[in-house]
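# Per-entry structural report
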Amino acid sequence: VTLAADKAAARARLKDLAAQAARCDRCPVASCATQTVFGRGHPRAEVMLVGEQPGDHEDRAGRPFVGPAGQLLQQAIAALGWPREALYVTNAVKHFHHTLRGSRRIHKTPEQAALAACLDWLEAEVDAVDPPLIVALGQTAARALLGAADADGAVPRAGGLHRRADGRAVLVAWHPSALLRAGVGQGGAPVEDHPRWAAWLAQLAP
Ligand code: URA
């Protein structure tokens, strides 16, 4: 197979998966999220970035990482000089889990059942894209990709480079929302002013 044919086949596979996932009703949240938010990016990406679940913005837009956390992630990608078009970005869970507070939709950590129900989609994406490196953003993604311990028995931790049973490398880094909560880039201050910024970049590209 030529590289172009291989890429076209992976793209077709992902398109098919996204269409199937759009109709998925394996978890109860499917009925209260606006839509399934499937992964996006290069069908044969060198690096696959995996977040937790779509947020309010992503749920409306139908694309991963388009809200504030996504903007911070975009800044990190730019700072690292990664070509955005060579990445594939997705989430461990494809629906926005939330509770209502008045008219506001507040992020809710997905339950174990939803994580388990969604895992097939993530593994199908990993299989289709076949990335040499996966970056798990936060503990939810790390648990989805590695379980409670990696193939060498190590517990996934931020800053750790882990190995899956299938041999793939998984780098675990903080979730961008954790940096937002820690005040990175808040109050008009440049992101570089916050000590966690450099630490995060070092986790993403050790
Ligand atoms: N947080 C995530 O984990 N994923 C998104 O797509 C957006 C915010």
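Relevant structure appears above.
Now for a quick tour of the structure. Each chain has its residues counted from 1, running along the sequence as written. For a predicted model such as this one, the threshold for reporting local features is a pLDDT of at least 70, and the threshold for listing and counting side-chain atom pairs is 80 or more; totals across whole chains, interfaces and linings nevertheless cover every residue. Only hydrogens and water are set aside when side-chain values are computed; all heavy atoms of the structure are taken into account.

### Re the overall build of the chain
Secondary structure assignment for the chain yields seven helices and eight strands. What you see for the chain is a C-alpha radius of gyration of 17 Å, in line with the 17 Å of a compact globule of 206 residues. Within the chain, contacts between residues at least 6 apart in sequence are counted, and of these 71% link residues at least 24 apart. Accessible surface, the chain as shown: approximately 10100 Å² in total, 54% of it carbon and sulfur. The sign given to each residue is positive for Lys and Arg and negative for Asp and Glu; His and the chain ends receive no count. Charge placement uses NZ in Lys and CZ in Arg. For Asp and Glu, CG and CD serve respectively. Counting 23 positive and 20 negative side-chain charges, the chain places the centres of these two groups 4 Å from one another. Secondary structure is summarised from DSSP: a helix means a run of H or I of at least four residues, a strand means a run of E of at least two, and numbering begins at the N terminus for each. Here the globule rule is a power law, 2.2 Å times the number of residues to the power 0.38, and the radius of gyration is based on C-alpha atoms. Residue contacts follow a heavy-atom distance rule, with two residues in contact if any of their heavy atoms lie within 4.5 Å. Values of accessible area rely on a 1.4 Å probe in the Shrake-Rupley scheme; residue burial ignores everything except the protein chains shown.

### A short note on the packing of helix 1 (residues 3–22) against helix 4 (residues 112–129)
Working convention: axes come from line fits to C-alpha atoms, limited for helices to the stretch in contact. Angles between N-to-C directions cover 0 to 180 degrees. Interhelical geometry of helix 1 versus helix 4 gives an angle of 170° and a closest axis separation of 9 Å. Taken together, the axes of helix 1 and helix 4 lie roughly antiparallel to each other. In contact with A10, R13, L14, L17, Q20 and A21 of helix 1, helix 4 contributes W121, A124, E125, A128 and V129. Just so you know the grouping, Ala, Val, Leu, Ile, Met, Phe, Trp, Tyr, Cys and Pro go in nonpolar, Asp, Glu, Lys and Arg go in charged, and all remaining residues, Gly too, go in polar. Split by residue class, the contact of helix 1 with helix 4 holds eight nonpolar, one polar and two charged. Convention used here: angles under 35 degrees read as roughly parallel, angles over 145 as roughly antiparallel, angles from 65 to 115 as roughly perpendicular, and any remaining angle as oblique.

### Notes on the layout of surface pockets
Taken as a whole, the largest pocket holds about 730 Å³ of empty space. As for the largest pocket, its lining consists of 31 residues, and the residues nearest its centre are A69, H107, H175, S177 and R181. Put simply, the parts of the chain that give the lining of the largest pocket at least two residues each are helix 2 (56–61), helix 3 (68–80), strand 5 (104–107), helix 5 (139–146), strand 8 (169–173) and helix 6 (176–181). Here the lining of the largest pocket is composed, by residue class, of 13 nonpolar, 12 polar and six charged. Definitions used for this entry: grid spacing 1 Å over protein atoms alone; cavity, a set of points where a 1.4 Å probe fits but cannot get out; pocket, an open set with protein on both sides within 12 Å along at least 5 of 7 lines; lining residue, one with an atom within 4 Å of a point. Grid points are joined across faces, edges and corners, and a volume is the space filled by probe spheres set on the points.

### Some words on unusual backbone geometry
The residue F65 is not glycine, and still its phi comes out positive at about 50°. Take F65: it is sitting in the loop between helix 2 and helix 3. Each residue gets one of three labels from its accessible area relative to the maximum for its type: buried under 20%, exposed over 50%, partly exposed in between, using a 1.4 Å probe on protein chains only. For F65, a relative accessible area of 8% corresponds to the buried category. Backbone geometry at D130 places phi at a positive 55°, although glycine is not the residue there.

Read these as layout, nothing more, since geometry by itself doesn't imply function.
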